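Descriptive structure summary
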Amino acid sequence: MHRLARPVRTGLGTFPLVLGARLVLGLMGGVCLWLAFPGHDVWWLAVVGCAGLALATAGATWWAGALSGLLLGLAWFTPMFTWAGTYAGGPAWLAMSVVSALYPAALGALLALLQRAGNIRPLLGAAAWVLMEWARSVTPFGGFPWARLGFSQADSPMLGAVSLVGVPGLGLLIALIGGLLAVALQRFLAPGGRQVGRAAAALVGAVVLVAAPLLVPRPTAGENVTVAAVQGDLPEGFSRTLTAEPGVILDRYADATKALAGRVANGDTAPPDLVVWPEGATDRDPLDPRVRSATSDRIMSAAEAVGAPVVLGGLSRQGEVGSASNMVFSYLPRYGLDQTYRKVYLAPFGEIMPLRPLLRHLSPWVDRIDDLSAGDRPGVMSVPLGTGRPVNLGLAICFEIVVDRAVRDLVKGGAQLLVVPTSNAWFGDGDQSAQHLAISRVRAVEYGRSIAHVSNVGVSGLITPDGVVHERTVPYTQATLVGQLPLRTEQTLTVRTGPWVVPAAALVVVLGLLRMAVGHQQDRLHRT
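Here the structure is a predicted model, which is why all the values come from computation and not from measurement.

**Regarding the overall build of the chain**
Helix and strand content of the chain: 14 helices and 14 strands. If one aligns the C-alpha atoms of the chain with their principal axes, the spans along those axes are about 85 × 50 × 35 Å. The buried share among the 528 residues of the chain stands at 55%. Here the analysis covers contacts within the chain between residues at least 6 apart in sequence; of these, 69% occur between residues at least 24 apart. Total accessible area on the chain is roughly 21400 Å²; 61% of this is exposed by carbon and sulfur atoms. Each charge class in the chain can be summarised by its mean position, and for the 41 positive and 34 negative side chains these summaries are 15 Å apart.

**Notes on unusual backbone geometry**
Backbone torsion omega between Pro38 and Gly39 reads -5 degrees, so that peptide bond is classified as cis. Here Gly39 is to be found in the loop between helix H1 (19–36) and helix H2 (45–57). The backbone of Asp41 shows a phi angle near 60 degrees, a positive value even though the residue is not glycine. As for its placement among the helices and strands, Asp41 is situated in the loop between H1 and H2. In this structure Asp41 comes out as partly exposed when scored by relative accessible area, which is 40%. Despite not being glycine, Asp233 has its phi angle at roughly 65 degrees, a positive value. Topologically, Asp233 is positioned in the loop between strand E3 (224–231) and helix H9 (248–265). Under the relative-accessibility criterion, Asp233 is labelled buried at 14%.

**So, H2**
For H2, built from 13 residues, the straight-helix expectation of 18 Å at 1.5 Å per residue is met to within 8% by its first-to-last C-alpha distance of 19 Å. Burial runs high along H2: twelve of the 13 residues are buried. Among the residues making up H2, those that are buried are Leu45, Ala46, Val47, Gly49, Cys50, Ala51, Gly52, Leu53, Ala54, Leu55, Ala56 and Thr57. Remark: Gly59 follows H2 within two positions and exhibits a positive phi of approximately 75 degrees.

**Section: the pattern of salt bridges**
Throughout the structure, instances matching the rule amount to 13 salt bridges. Arg298 is the partner of Asp251 in a salt bridge, and the nearest nitrogen-oxygen pair spans 2.8 Å. Placement of the pair is Asp251 in helix H9 and Arg298 in helix H10 (residues 292–306), with a sequence separation of 47 residues. Look at Asp251 and you get partly exposed, because its relative accessible area is 31%. Residues Arg298 and Asp255 are paired through a salt bridge, measuring 2.6 Å at the closest nitrogen-oxygen approach. Taken together, the residues span a long stretch of sequence, with Arg298 in helix H10 and Asp255 in helix H9 at a distance of 43 residues. Salt bridges sharing common partners tie together Arg148, Asp404, Arg443 and Glu446.

**Concerning the UniProt feature "transmembrane region" (unreviewed entry) in the chain**
Mapped onto the present numbering, the UniProt feature "transmembrane region" (unreviewed entry) falls at residues 12–37, 43–63, 94–114, 126–147, 159–184, 196–216 and 500–518. Note that residues 159–184 is 88% helix and 0% strand, and that its end C-alpha atoms are spaced 24 Å apart. For residues 500–518, the end-to-end C-alpha separation is 27 Å, with 100% helix and 0% strand making up the annotated structure.

**Quick notes on the layout of surface pockets**
In this approach the atoms are scanned with a rolling probe the size of a water molecule, which exposes any empty space left behind. Space inside the second largest pocket adds up to approximately 610 Å³. Every residue lining the second largest pocket is counted, 34 residues in all, and those nearest its centre are Ser137, Val138, Val403, Asp404 and Arg405. Mapped by element, the contributors of at least two residues to the lining of the second largest pocket are helix H6 (122–138), helix H7 (162–188), helix H12 (404–412), helix H13 (432–447) and helix H14 (494–527). The class makeup of the residues in the lining of the second largest pocket is 20 nonpolar, seven polar and seven charged. In this structure, the lining of the second largest pocket is formed jointly by two domains, domain 1 (19–216 + 496–526) and domain 2 (224–344 + 379–491), each of which donates at least three residues.

**Focus on the sheet that holds strand E10 (residues 417–422)**
Spatially, six strands are ordered E8-E9-E10-E11-E12-E13 in an open sheet, and the strand pairing comes out mixed. Every other strand in the sheet has two partners, leaving strand E8 (380–384) and strand E13 (469–472) as the edge strands with one partner each. Sheet twist, expressed as the mean angle between neighbouring strand axes with direction ignored, is 25 degrees. Here strand E12 (residues 461–463) runs beside E13; their pairing, made up of three bridges, is antiparallel. The residue bridging Gly461 from the neighbouring strand is Arg472, located in E13.

**Some thoughts on the packing of aromatic side chains**
Counted under the stated rule, the structure contains 14 aromatic pairs. Taking the centre distance of 4.9 Å and the plane angle of 80 degrees together, the rings of Trp83 and Phe427 count as edge-to-face. Here Trp83 is found in the loop between helix H3 (62–80) and helix H4 (85–88), whereas its partner Phe427 is found in the loop between E10 and H13, with 344 residues between them in sequence. Grouping residues by exposure puts Trp83 and Phe427 together as buried. With 6.2 Å between their ring centres and 15 degrees between their planes, Phe399 and Phe427 make a pair best called stacked. Separated by 28 residues along the polypeptide, Phe399 in the loop between strand E9 (390–395) and H12 and Phe427 in the loop between E10 and H13 bring together distant segments of the chain.

**Description of empty space enclosed by the protein**
One pass over the full model with this rule turns up two cavities of 30 Å³ or more. The space that makes up the largest cavity amounts to roughly 60 Å³. Lining the largest cavity we find Cys50, Ala54, Leu111, Gln115, Ile120, Arg121, Pro122, Gly125, Ala126, Trp129, Ala175 and Gly179. Contributions of two or more residues to the lining of the largest cavity are made by H2, H6 and H7. With four residues, the single largest contributor to the lining of the largest cavity is H6. Each residue belonging to the lining of the largest cavity can be placed in one class, and the counts come to eight nonpolar, three polar and one charged.

The rules behind these values
Residues numbered from 1 in each chain as written. Predicted model: local features only at pLDDT ≥ 70, side-chain atom pairs only at ≥ 80, totals over all residues. Heavy atoms only, no water. Helix = DSSP H or I, 4+ residues; strand = E, 2+ residues; numbered from the N terminus. Buried < 20%, exposed > 50% of the residue type's maximum accessible area, 1.4 Å probe, protein only. Contact = heavy atoms within 4.5 Å. Areas by Shrake-Rupley, 256 points an atom, 1.4 Å probe, with all protein chains shown as cover. Lys, Arg positive; Asp, Glu negative; His and termini not counted. Charge placed at Lys NZ, Arg CZ, Asp CG, Glu CD. Expected span 1.5 Å × (residues − 1). Salt bridge = Lys/Arg side-chain N within 4 Å of Asp/Glu carboxyl O. UniProt positions renumbered as here; feature names shortened; annotations may be inferred. 1 Å grid on protein atoms, 1.4 Å probe; cavity = no way out; pocket = protein on both sides within 12 Å on 5 of 7 lines; lining within 4 Å. Points joined across faces, edges and corners; volume = space filled by probe spheres on them. Nonpolar A, V, L, I, M, F, W, Y, C, P; charged D, E, K, R; others polar. Domains from an automatic or database assignment. Pairing = 2+ DSSP bridges. Axes fitted to C-alpha atoms, helices over the stretch in contact; angles between N-to-C directions. Phe/Tyr/Trp six-rings, centres within 6.5 Å; stacked < 30°, edge-to-face > 60°.

Printed below as a string of structure tokens:
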């Protein structure tokens, strides 16, 4: 046999799988994972992608597994992250894709070690996937948890599982099903066809795991509040919000809210209990003494007109010289500025710039990004509605919605309704905004909370706790969504189980490696 070929042992014989075949399996697995996410939305291809890497690494050397995983990562992330280069440029996009692909490369090496005997280990493989996604979520520089397996499943029958075991557990389920699919194929192709029964059993197990989460209830009962989400779009002639003259963006949102008030007065629209504007809706600092009065007057004119609290995002130096913060402000009719929240989890390379001296050689945009100052408390904000009754909002600014701890802390802190104010203007016409909305849909089911997801350019949407978008905008349009969202206080099981999925997966992998080491040592003793 060619030295690059390594047999895959099935227990009843072997069939050769040369290095080229392994690499093709990794490459095609990455393509499948990319297509599983918005804007292709073929959710079941996430399972196929995991199956491809399981087959590619069974019986492989560690370096062949690493190459297969690297190709999977490049085929997955490179087309998925094209939006990252809209303003930062091609080098930044490619660097982001390559660094992200190093994690599946490490996964491929680990899977090869765990499956060195040639038999696919679905549970071990799924646990290894969880560890890889956790590592991407926390490293480097705080991590980038975008494009995790669970975030591809907004329209999947498996989505219900996320309320039991969280996004990490949903990722484990997808990888486990992929492993079972790979086992079925491996045993079906075994010489002599003597493992067809076992192949069928693995396939049936995969189908059961896909369908079982349909039995998990997704309750939506709760007192309704009428929420208005305003999407202002960019002024004509501007490429993104930061290029607009100060006050232009704020005027757009104030005017759109006054127009909503006119429709309410005419009886064309239900009066909102709460109005939400996106991240960066005010391009004047509400806390800067030089413009504070004029900024407040403009926002208050909208709040008074519509007769409801206005919650909006913007940058502020809090009246001081120094780094700015990404903040949310609440304004109450007949009162003014009430509360503020400073974003806690800052996005690396977007709100803080690690390795600035090096990266400025990749993109001229590096020095246009200031290092923001982070907050130190979760964004739970109590906002009194027009009736005087307070509602606890959970604020997740932009990419905070992808951070497990950030969202969990909001729910544990008493949030009844989640609000995701975001700015997608940085990312052009790609699929980033659709991917972002899908993440909010998954989070809605995970924690049993309604979510008002409002973007400056779209996609915006009002999401009920079952993950359904009842109002949705199209990108680069002006729109105001008005709809009823139920408030809920009950906590899903994932609040308690979610933090334990990664440690449990780590334990499974460690035990698997120990078992492999013991077996390898016993083989050496037998040979001697």
